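Structure assessment
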Amino acid sequence: MKTVSKFAAFTFLLLAVAYCSAGEKAKTAPPSNLVRGAIGPFSLNPSWANYSVATLIPGASLIPVTSTQTVLYLGFAAGSEADITNMVLYTTAKGSLTITAVTPVTLGGVSSPSIMLSSTSVCPTQPLSVTSVCVVRLDPTAIVLSADNDYYFVVYFTNDGNNGSIGSPQAEFSFSALNSWYANNENYTTFTVGQSLPSNQSFHGTPYFLMYVMTD
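Now for a description of the structure that goes with this document. Everything numeric here is computed off the predicted structure, so don't read it as measured data.

From N to C terminus, the chain includes one helix and eleven strands. Listing the helices and strands of the chain from first to last along the sequence gives α-β-β-β-β-β-β-β-β-β-β-β. Counting across all 216 residues of the chain, residues that qualify as buried make up 44%. Relative to all contacts within the chain whose residues are 6 or more apart in sequence, the contacts with residues 24 or more apart total 86%. When the accessible surface of the chain is summed, it comes to about 10,700 Å², and 58% of that surface belongs to carbon and sulfur atoms.

Here it is, written out as structure tokens:
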């Protein structure tokens with residue numbers, strides 16, 4: 001009887017350890033890509049003052065992973081400070097330019113952050129370059145991306161001297177599912193539901209600034 005009791009206790013202990021280990025692995029599981037992000041090598045695309053940059057996140061390219069939020073990552077390959085007037089994520093029906101939802105995107109709780117690229121607490125590897133790209137994690141948004149929709153992340157860089165010196169990493173090859181276009185002298189972050197994004201823009205085959213779309 002004692003042998004049976006000892007065996008039962010030992011089995012329970014093993015199950016408990018296994019359960020705790022699985023729980024710890026779940027807590028420390030790394031974030032997953034929601035789409036295929038930017039892949040180097042990179043070249044430098046400089047000077048972005050007074051530019052809107054729009055990056056398409058196609059729903060058809062979503063990787064089937066479970067997520068309760070969406071986290072965007074910006075990459076910088078040059079500059080000491082990036083001043084942003086506004087950032088938004090537009091939702092459209094697949095293949096459409098008509099906006100069905102507008103989701104604010106923030107950093108540190110604000111949609112108009114100044115990112116101190118020269119700070120080692122923001123960009124640990126200095127100076128920035130195409131081989132030492134600084135990747136900045138934006139605040140998580142509660143939106144869950146769907147394959148039934150397309151999404152456009154739009155950032156408008158303030159018209160100032162700081163943004164004249166910033167640079168976007170530009171992938172040499174079109175491996176990413178992300179694709180960008182840009183417009184000078186236009187703030188495209190102010191559209192509302194029911195309006196349409198411009199149809200006269202040309203995609204450039206690779207993303208600018210937006211490098212990763214992830215679960216965390």
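Ile57, Phe76 and Phe153 are the most contacted members of the largest nonpolar core, which totals 35 residues. Secondary structure elements with two or more residues in this core: β2 (51-58), β3 (71-76), β4 (82-93), β7 (134-137), β8 (149-157) and β11 (210-214). The next biggest cluster of nonpolar side chains, apart from the first, holds twelve residues, and it includes Ala54, Ile99, Tyr152 and Phe191.

What follows deals with the pattern of salt bridges. Taken as a whole, this structure holds one salt bridge when the rule is applied. The partner of aspartate 216 in a salt bridge is arginine 137, with the nearest N and O atoms 2.7 Å apart. One end of the pair, aspartate 216, is in the segment after β11; the other, arginine 137, is in strand β7, with 79 residues separating them in the sequence. What makes aspartate 216 partly exposed here is its relative accessible area of 38%.

About the cut-offs
Residues numbered from 1 in each chain as written. Predicted model: local features only at pLDDT ≥ 70, side-chain atom pairs only at ≥ 80, totals over all residues. Heavy atoms only, no water. Helix = DSSP H or I, 4+ residues; strand = E, 2+ residues; numbered from the N terminus. Buried < 20%, exposed > 50% of the residue type's maximum accessible area, 1.4 Å probe, protein only. Contact = heavy atoms within 4.5 Å. Areas by Shrake-Rupley, 256 points an atom, 1.4 Å probe, with all protein chains shown as cover. Core = buried A, V, L, I, M, F, W, Y, C linked by side-chain atoms within 4.5 Å. Salt bridge = Lys/Arg side-chain N within 4 Å of Asp/Glu carboxyl O.

Interpretation note: all reported values are geometric properties and have no functional meaning in isolation.
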